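Observations on the three-dimensional arrangement
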Amino acid sequence: MNIEQFTANWNYPTTIRSGIGRINDLPAACSELGMQNPLIVTDPGLAELPMVLQALKHCQTELKGCGLFADIKGNPTGENVEAGVAACKAGNHDGVIAFGGGSALDAGKAIALMVGQDRPIWDFEDVGDNYLRVNVEGMLPVVAVPTTSGTGSEVGRASVITHQQEKVKKIIFHARMLPEIVILDPELTCGLPAKITAATGMDALSHNLEAFCSPFYHPMAHGIAIEGIKLVKDWLPAAVADGSNLQARAQMLVASTMGATAFQKGLGAMHALAHPLGALYDAHHGLLNAILMPYVLKANQSAIENKVTELSRYLDLPEPGFDSFLNWVVKLRSELGIPHSLSEIGIDDSQVQKIGQMAFDDPSSGTNPILFTADEYQTICTNAVRGNL
Ligand SMILES: [Zn+2]
């Protein structure tokens, strides 16, 4: 394999340095943004691994200083962000390196936002034009370094932060939360176990696929979604089969970034259902989307048949059409060891009415090709619980 093949610089949707070994660019990326003493924000597990310790040492050597903050939960809370802001101020840090999976990236982006604000974080929840309250000049620059291939938070303009007292996840949004530089280095993802690779990879597929199916006008996002789906088809099975396959890891990291770029066009019913199911059953987000995918496709069939037929031609599936695409999804899931029904991961139908209503109320439902009612969401969920495709 030719390492150079994966080396590239892109400036859409932000500056992306992609390629094997690109983590070595980290101090230069910080300097480029005027950071001389950044704070690495990561999760406690990663903070002890050589990849983070080496990055810390490298930045401390090449820059004036560099700190480490790792006191964040799997679902970062408002308190985690406050503690990060305090650490950032105490160390006089002038920028943030958000390093890790979705939680670390979201926490890092939120800390960089909150350092220069005098309002509580919940004042910036993505509702109406709350983002106008942000003191943009107070925001610190962010370099994002993802270590999983799924959420795509490195190119997202929001962070999901848990409000512990209210027990809800809130979306904190500002367009400038999009990290200014992203480093996509596939070597950082090689340690992910096969199961997590499969579930996060299917989340990347769901982002590309829901964006592709969204009826909203965004031809750039649409084109990115089609290619993102193709990359998942060509490389996810290989990344799951052999985690050290750098070519597969590189392509999946890009597919994940593309998914989050594409979903500026909108998500849909998979995410509308995965959000309440995740909140009520604490199940893995990517795994939920993977299980839900064929049931949602089937429910959307009348609205997406032509689009999906085109897609299946691009993917070179046999007998291009809706059924051939659906069959591919079902086959891919079983190849990756993903269960066919929600009941197989311990979700029964006792709360489907509540879930139907929560899915209807979820912002992702507004960009689904069909505006399902709460009852229709309940039916899709029941089918997914029982495995009735
Ligand atoms: Zn997702």
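Anyway, here's the lowdown on the structure attached to this text. None of the values given here were measured: they were computed from a predicted structure. For every chain, the first residue of its written sequence is number 1, and the numbers climb from 1 along that sequence. Under the rules for a predicted model, residues below a pLDDT of 70 receive no local features and side-chain atom pairs below 80 are neither given nor counted, while totals for whole chains, interfaces and linings still include all residues. To get the side-chain values, take all heavy atoms of the structure and skip hydrogens and water.

**Some details on the pattern of salt bridges**
Salt bridges, as used here, are contacts in which a Lys or Arg side-chain nitrogen is within 4 Å of a carboxyl oxygen on Asp or Glu. Counted by the stated rule, this structure contains nine salt bridges. The partner of lysine 331 in a salt bridge is glutamate 335, with the nearest N and O atoms 3.8 Å apart. Pair noted here: lysine 331 and glutamate 335 are both in helix α10 (residues 322-335), with a separation of four residues, about one helical turn. Exposure class is identical for lysine 331 and glutamate 335. Each is exposed. Arginine 386 is the partner of aspartate 349 in a salt bridge, and the nearest nitrogen-oxygen pair spans 2.9 Å. Put simply, DSSP H or I for four residues or longer makes a helix, DSSP E for two residues or longer makes a strand, and each gets a number counted from the N terminus. Note on exposure labels: buried denotes an accessible area under 20% of the residue type's maximum, exposed denotes more than 50%, and partly exposed covers the range between, all computed with a 1.4 Å probe on protein chains only.

**Considering the coordination of the zinc ion**
In this structure, Asp203 (OD), His207 (NE2), His271 (NE2) and His285 (NE2) serve as the protein donors to the zinc ion, at separations of 2.1 to 2.3 Å. Each of the four donor atoms bound to the zinc ion contributes to angles spanning 89 to 168°, and the resulting shape is irregular. Coordinating N, O and S atoms are those within 2.8 Å of the metal (3.2 Å for Na, K and Ca), and as water is not part of the atoms, a site may appear to have fewer donors than expected. Between 85 and 135 degrees for all angles marks four donors as tetrahedral; over 155 degrees for opposite donors together with 65 to 115 for all other angles marks four donors as square planar and six as octahedral; every other arrangement is irregular.

**Overview of the pairing of strand β7 (residues 158-163)**
The sheet contact formed by β7 and strand β8 (residues 168-173) spans six bridges and is antiparallel. For valine 160, the partnering residue across the bridge sits in β8 and is isoleucine 171. Only strands that DSSP links by at least two bridges are regarded as paired with each other. Where β7 folds back on β8, the antiparallel hairpin that results is connected by four residues, among which lysine 167 adopts a positive phi of roughly 55°.

**Here we look at unusual backbone geometry**
A positive phi angle, near 55°, is found at asparagine 92, a position not held by glycine. Here asparagine 92 shows up in the loop between α3 (78-90) and β5 (96-100). Asparagine 92 gets classed as exposed once you look at its relative accessible area, which sits at 61%. One non-glycine residue, aspartate 316, lies in the positive phi region at around 60°. When you line up the elements, aspartate 316 lands in the loop between α9 (285-314) and α10. Given a relative accessible area of 67%, aspartate 316 falls into the exposed group.

No statement about biological role is implied by the geometric values presented.
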